[in-house]
Amino acid sequence: MTSNLGNIGVTTSQELWMKRLLERLEVDCRDMQYRGKPELSMAQRKGMMKDIYCSFQTGCRISMYTWDPFGTEELSGIVRIMNVKPLQIKLELNNGTFRWVWMANIVEIFT
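Residues numbered from 1 in each chain as written. Predicted model: local features only at pLDDT ≥ 70, side-chain atom pairs only at ≥ 80, totals over all residues. Heavy atoms only, no water.

Participant: Would you take a moment to explain the overall build of the protein chain for this structure?
Facilitator: In terms of regular secondary structure, the protein chain is built from two helices and seven strands. Start at the N end of the protein chain and walk to the C end: the helices and strands fall as β-β-α-α-β-β-β-β-β. Buried residues in the protein chain amount to 35% of all 111 residues. Here the contacts in the protein chain between residues at least 6 apart in sequence split such that 49% fall between residues at least 24 apart. About 6,500 Å² of surface is accessible on the protein chain, with carbon and sulfur atoms providing 51% of the total. (Helix = DSSP H or I, 4+ residues; strand = E, 2+ residues; numbered from the N terminus. Buried < 20%, exposed > 50% of the residue type's maximum accessible area, 1.4 Å probe, protein only. Contact = heavy atoms within 4.5 Å. Areas by Shrake-Rupley, 256 points an atom, 1.4 Å probe, with all protein chains shown as cover.)

Written out as structure tokens, the structure is:
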């Protein structure tokens with residue numbers, strides 16, 4: 001059984017995995033907001049997860065702003081690994097290097 005999550009065909013087991021991922025992300029984002037990170041709505045989190053998942057599945061490049069207490073950073077690359085525990089992605093940057101990014105630290109994804 002498949003359903004459409006945005007423009008991505010996703011099987012039911014993948015939907016459950018994504019739902020768990022979103023639930024964990026919501027908790028982590030709430031924790032980061034206590035540390036000063038800009039607040040994200042649930043719609044923004046879902047959109048972000050769709051973009052991350054699409055990059056992971058198709059190898060398309062995504063660009064994002066990440067946040068930490070010392071400032072923001074703009075990253076662009078391809079998602080190579082999605083970890084549920086800890087909630088991170090491994091991003092292959094445009095220059096060929098790799099960077100682990102905490103999903104809760106992502107403020108915005110843009111193209």
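Participant: Please clarify how the side chain of Ser55 should be interpreted in this entry.
Facilitator: Positionally, Ser55 belongs in helix 2 (residues 42-58). Apart from residues no more than four positions distant in its own chain, Ser55 is found in contact with Cys60, Ile62, Gly77, Ile78 and Val79.

Participant: Please explain the environment of Trp102 as it appears in this structure.
Facilitator: Here Trp102 is to be found in strand 6 (residues 98-102). Residues Trp102 and Leu87 lie 15 residues apart in sequence; the distance between their C-alpha atoms is 6.1 Å. Those residues in contact with Trp102 that sit more than four places away from it in its chain are Pro86, Leu87 and Gln88.

Participant: Got a minute to help me understand the packing of aromatic side chains in this structure?
Facilitator: Throughout the structure, instances matching the rule amount to two aromatic pairs. For the cation-ring pair, Lys90 lies above Phe98, with the distance from its terminal atom to the ring centre recorded as 4.8 Å. (Phe/Tyr/Trp six-rings, centres within 6.5 Å; stacked < 30°, edge-to-face > 60°. Lys NZ or Arg CZ within 6 Å of the ring centre and 35° of its normal.)

Participant: Just checking my understanding: could you explain helix 2 for this structure?
Facilitator: With 17 residues, helix 2 should cover 24 Å at 1.5 Å per step; its first-to-last C-alpha distance of 24 Å lies within 8% of that length. Downstream of helix 2 by one or two residues, Gly59 has phi in the positive range, about 80 degrees. (Expected span 1.5 Å × (residues − 1).)

Participant: Even after reading the chapter, I still don't get the sheet that holds strand 7 (residues 106-110), so can you show me in this structure?
Facilitator: Strand-to-strand pairing in sheets goes through backbone hydrogen bonds, with the strands running parallel or antiparallel. Overall, antiparallel pairing links the five strands, which are arranged 6-5-4-3-7 in an open sheet. Every interior strand has two partners, whereas the edge strands, strand 6 and strand 7, have only one. Across the sheet, the axes of successive neighbouring strands diverge by a mean angle of 45 degrees, strand direction being ignored. Looking at chain direction, strand 4 (residues 71-83) and strand 5 (residues 88-93) are connected through six bridges and run antiparallel. What sits directly across from Asn83, in strand 5, is Gln88. (Pairing = 2+ DSSP bridges. Axes fitted to C-alpha atoms, helices over the stretch in contact; angles between N-to-C directions.)

Participant: What is the right way to read the side chain of Thr66 from this model?
Facilitator: In this structure, Thr66 sits in strand 3 (residues 62-68). Judged by relative accessible area, which is 9%, Thr66 ranks as buried. Those residues in contact with Thr66 that sit more than four places away from it in its chain are Gly71, Thr72, Glu73, Leu75, Val101, Asn105, Ile106 and Val107.

Participant: Before we go on, may I ask you to explain the confidence of the model for the protein chain in this structure?
Facilitator: Taken over all residues, the pLDDT of the protein chain has a mean of 85, while the share at 70 or more is 89%. Scored below 50 in pLDDT, residues 1-5 makes 13 contacts in the model with residues more than four places away or belonging to other chains. (pLDDT = per-residue confidence, 0-100.)

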